[in-house]
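Observations on chain architecture
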Amino acid sequence: MARSPNSPVTAVLGPTNTGKTHLAIERMAAHSSGIIGFPLRLLAREVYDRMVALKGPKEVALVTGEERIVPPGARWFLCTAESMPLDREVSFVALDEGQLGADPERGHVFTDRILRARGRDETMILGSDSLRPVLRKLVPDAEIITRPRFSTLSYAGAKKLSRLPKRSAIVAFSAEEVYAVAETLRRLRGGAAVVMGALSPRTRNAQVAMFQAGEVDYLVATDAIGMGLNLDVHHVAFASLNKFDGRRQRRLTVAEMAQIAGRAGRHQRDGTFGALVEEGPGAFTPEEIAAIEGHRVPPLDHLYWREGEPDLSSIAALIASLETKPDLPMLRAAPEATDLMVLKRLADEAWVRDRVRTPRAVARLWAACGLPDFRKLGLDPHARFVSRVFRHLSEGRGHIPHIWFADEIARLDRVDGDVESIAGRIAAARSWAYIAHRADWLEDPAHWADRTRALEEKLSDALHAGLTQRFVDKRTTVLLRQIGADASHLPVVIGPEGEVTVEDHPLGQLRGFRFEVSPDARAADKRMLLAAAEKGLAPELRRRAAALADAPDDALSRVGDELHWQGVRVAHLDSTANPLRPAIRLCRTLDVLDVREKAAAQARAAAWLDARIAAELPDLAKLDALSRDAAAGSRVRALAGLLVQSGGLMPRRAAGALVEALDADDRKRLRKAGLVIGTLDLFMPGLLKPRAAAARRALLNLGDGPTDGASVLARTAPGAALDHGYRPLGQQAVRIDLAERIARAAHDSRKGRAPFAPDPALATSMGLTSDTLARLMAQLGFQALRGREGQPQRWVWKGLTPLAKPKPAPRDNAFAALADLIDG
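A short tour of the structure in this document, coming up. These figures come from a predicted structure and were not determined experimentally.

Looking at the overall build of the protein chain
Counting its secondary structure elements, the protein chain contains 27 helices and 34 strands. Looking at the protein chain as a whole, 51% of its 824 residues qualify as buried. Sequence separation of 24 or more characterises 67% of the internal contacts of the protein chain that already satisfy a separation of 6 or more. About 37600 Å² of surface is accessible on the protein chain, with carbon and sulfur atoms providing 51% of the total.

If you want it as structure tokens, here you go:
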């Protein structure tokens, strides 16, 4: 880069909103070639896009740590200050935000550019008026031009987030604080765009585009917006006046406050600034307010400096030159930066000293130490990463292995996770993008540069989508704009599937009579959405009430203890003593109906339930009618009612007194109703058929039942219990009607109390084991006799009734297991 003593240097100083950057762009465009150095990659990218539109993509280059777009014939370069190509001769050179020379971390870079970067024909330094005194001493020949602000900037007082005007930018100083403010604005105002220096240009541009297009009315940002980003902001609110500067937590300087507050207003439109609190450390002092409004910033008395062309003859010489003290009083030695700290760490390694013995190797080591800590890992992890990079750069052909590079890129190539996770991947991808843009660090740098650019774009799109999903609720924004505080004026539309929308923004789903807020709505938004939908749903709810009252049978169903209409719950069936007549309690979702509509719905539910039981369980319906028939007599009604409560079957001994009290007419009436009064059980055979058994299980909520039509079950099988119509006997359970058939066969075979051997064919055909048969015979009142080996089992009638326990058999009896017989 030419350093002609005749090259004029112009310093354009003044507050923000003075058009300094625009002036520099105009001046560079008027020259045959030029370079502008910016403080932020985002700003370099923004101006690059403007210059491309003006000069064409083949004429304009972008050079930053992570991006390098340099067409062969490029004449105008937009760069970050660190990436300015000082060895290129161009007609025009400009440095933006020169006052950053006072920044402890990056100041030495800006100071070096102020002292060394010169255009052949013109050089321009842009910055705050605070730069004036040191600039007069460092560049005494510079012509200093003061640019006044085009519009007025005034203090608007403290305002809570809920009362901020539209087109406000809220400035915070950590990612956590930015996210917290954005989340609050999402709940209160429908959302906010998010801008941070760590965002990729693609994500930042997408977020800013939402704000500029009016899709959101608020923007939450770090102090990155103070560095010349052009935004249509009317008011700047400070969420805090303290920041961590990399070394300590401190209060913003007046110059920093003014730089950020100056983003409010644009060209000749006035702007305002303020805080979120009126008192305490987060509030402005009167002196600070007066200084910001009057654009009076304290003058700088020094800039930070570090040797810009260090000695590369050896590692020791390099470190010594980087630690050289400046010889001018207005310059101070820069605090030890990360690159120098990493260099010292690596210089202590024997293998590094062995490999770095030439100026070329020293330069390569110093370039590796310049790899920025994009991930903010801290010195030790970052030094280890740089060490690994340099190990590859200093061995073999001096290239980073493509397998390692490819594996790391593949590991980052994911878009799952929250915004913090995706932002972390972008930060890691920036390290690899930086490496890919070092021309001699990879065998095929162009390929990997394209690959890292594609990865960053993919992650950036995902981050934009994640930020938008997390911090922007377009539905809430529409609601607030449509109705303000009155939810009754919404243009609610109900789709064919029950989807409820307002101007194509989903509010939720109407399922039956229940309005379900959209699942992506946060808890804080649900009340507003419910209120928003309520009035618009009233006509539809009345229509559905009429449809329920006239519903055909196939539109209703019973699911456990619930009644459903068109697959949606409308009533709860509360248990009563009579399972055929549960209490029907309409769901609270039907409370939106009037009394007449609710009564019609309840009547339809009761009628459907009666018809369903009559169709599916006619035997139980007969018993229920018998229990209420005055002509049947008290004994019959009592037994019928007891049977209805147990679902139509029960052990005989559970109703023993009632059964014994029945006379002949009572028994005839019960048989006519379909009841079998068996030796062990009372039951209605029709209830044991598969379809009726399934309906009965559903009615009584018995859960899983036996296999349809099974006569004998394993004791551990589903449904192997009396509730399901199976009598447990040892390791098996026998269906009660089949147990009764065996009982009849046994009694038909006996001759008084004489020993006899029943035909085993019936039990065998059912699949009963000998142990099961023995237990059943014992419960039926028979006692086993010891038989000769090889002879059929013989039994004797002992006259035991089903109401009493059978006497235990002797322990040496072949059926000693009959000692514990009752119900298996």
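There's plenty left to go through after this.
Things to note about helix α21 (residues 634–645)
Taking 1.5 Å as the rise per residue, α21 with 12 residues should run 16 Å; its terminal C-alpha atoms sit 16 Å apart, in good agreement. For α21, every residue scored as buried is listed here: Val636, Leu639, Ala640, Gly641, Leu643 and Val644. Those residues of α21 hidden inside the fold are in contact with α20 (618–627), β27 (649–651), α22 (656–661), α23 (664–672) and β29 (681–683). Note on α21: the residue one or two positions beyond its end, Gly647, has a positive phi of about 80 degrees.

A short note on the pattern of salt bridges
A full pass over the atoms with the stated rule returns 52 salt bridges. The salt bridge partner of Arg652 is Glu660, with a shortest N-O separation of 3.3 Å. A relative accessible area of 14% means that Arg652 is categorised as buried. On the basis of relative accessibility, which here comes to 48%, the residue Glu660 falls in the partly exposed class. Measuring nitrogen to oxygen at the nearest pair gives 2.7 Å for the salt bridge that ties Asp681 to Arg727. You can see Asp681 sitting in strand β29 and its partner Arg727 sitting in strand β31 (residues 726–729), a full 46 residues away along the chain. Take Asp681: its relative accessible area is 3%, and that puts it in the buried class. Overall, the relative accessible area of 2% leaves Arg727 in the buried class. Several salt bridges converge on common partners, so that one network encompasses Arg41, Arg45, Asp49, Glu66, Glu67, Arg430 and Glu456.

What about the sheet that holds strand β4 (residues 68–69)?
Pairing is mixed in the open sheet, where eight strands are placed in the order β4-β3-β5-β2-β6-β7-β1-β8. Whereas interior strands pair on both sides, the edge strands pair on one side only; in this sheet they are β4 and β8 (143–146). Note: strand β2 (residues 34–38) against strand β6 (residues 92–95), four bridges, orientation parallel. Bridge pairing links Gly34 to Phe92 in β6. Contacts between helix α1 (residues 20–30) and the sheet are confined to β1 (9–13), β2, β5 (76–80), β6 and β7 (122–127), with β7 contributing the most and set at about 170 degrees to the helix.

Comments concerning the packing of helix α12 (residues 359–369) against helix α13 (residues 379–393)
Close contact between α12 and α13 brings their axes to 9 Å; oriented N to C, the two are set at 150 degrees. The angle between α12 and α13 places the two elements in the roughly antiparallel class. The way α12 lies across α13 gives a crossing that is right-handed. Note on element contacts: α13 touches α12 through Val386, Phe390 and Leu393, opposite Ala361, Arg364, Leu365, Ala368 and Cys369. In the contact of α12 with α13, the residues fall into seven nonpolar, no polar and one charged.

Rules used in this analysis
Residues numbered from 1 in each chain as written. Predicted model: local features only at pLDDT ≥ 70, side-chain atom pairs only at ≥ 80, totals over all residues. Heavy atoms only, no water. Helix = DSSP H or I, 4+ residues; strand = E, 2+ residues; numbered from the N terminus. Buried < 20%, exposed > 50% of the residue type's maximum accessible area, 1.4 Å probe, protein only. Contact = heavy atoms within 4.5 Å. Areas by Shrake-Rupley, 256 points an atom, 1.4 Å probe, with all protein chains shown as cover. Expected span 1.5 Å × (residues − 1). Salt bridge = Lys/Arg side-chain N within 4 Å of Asp/Glu carboxyl O. Pairing = 2+ DSSP bridges. Axes fitted to C-alpha atoms, helices over the stretch in contact; angles between N-to-C directions. Parallel < 35°, antiparallel > 145°, perpendicular 65-115°, else oblique. Left-handed = near helix turned anticlockwise from the far one by under 90°. Nonpolar A, V, L, I, M, F, W, Y, C, P; charged D, E, K, R; others polar.

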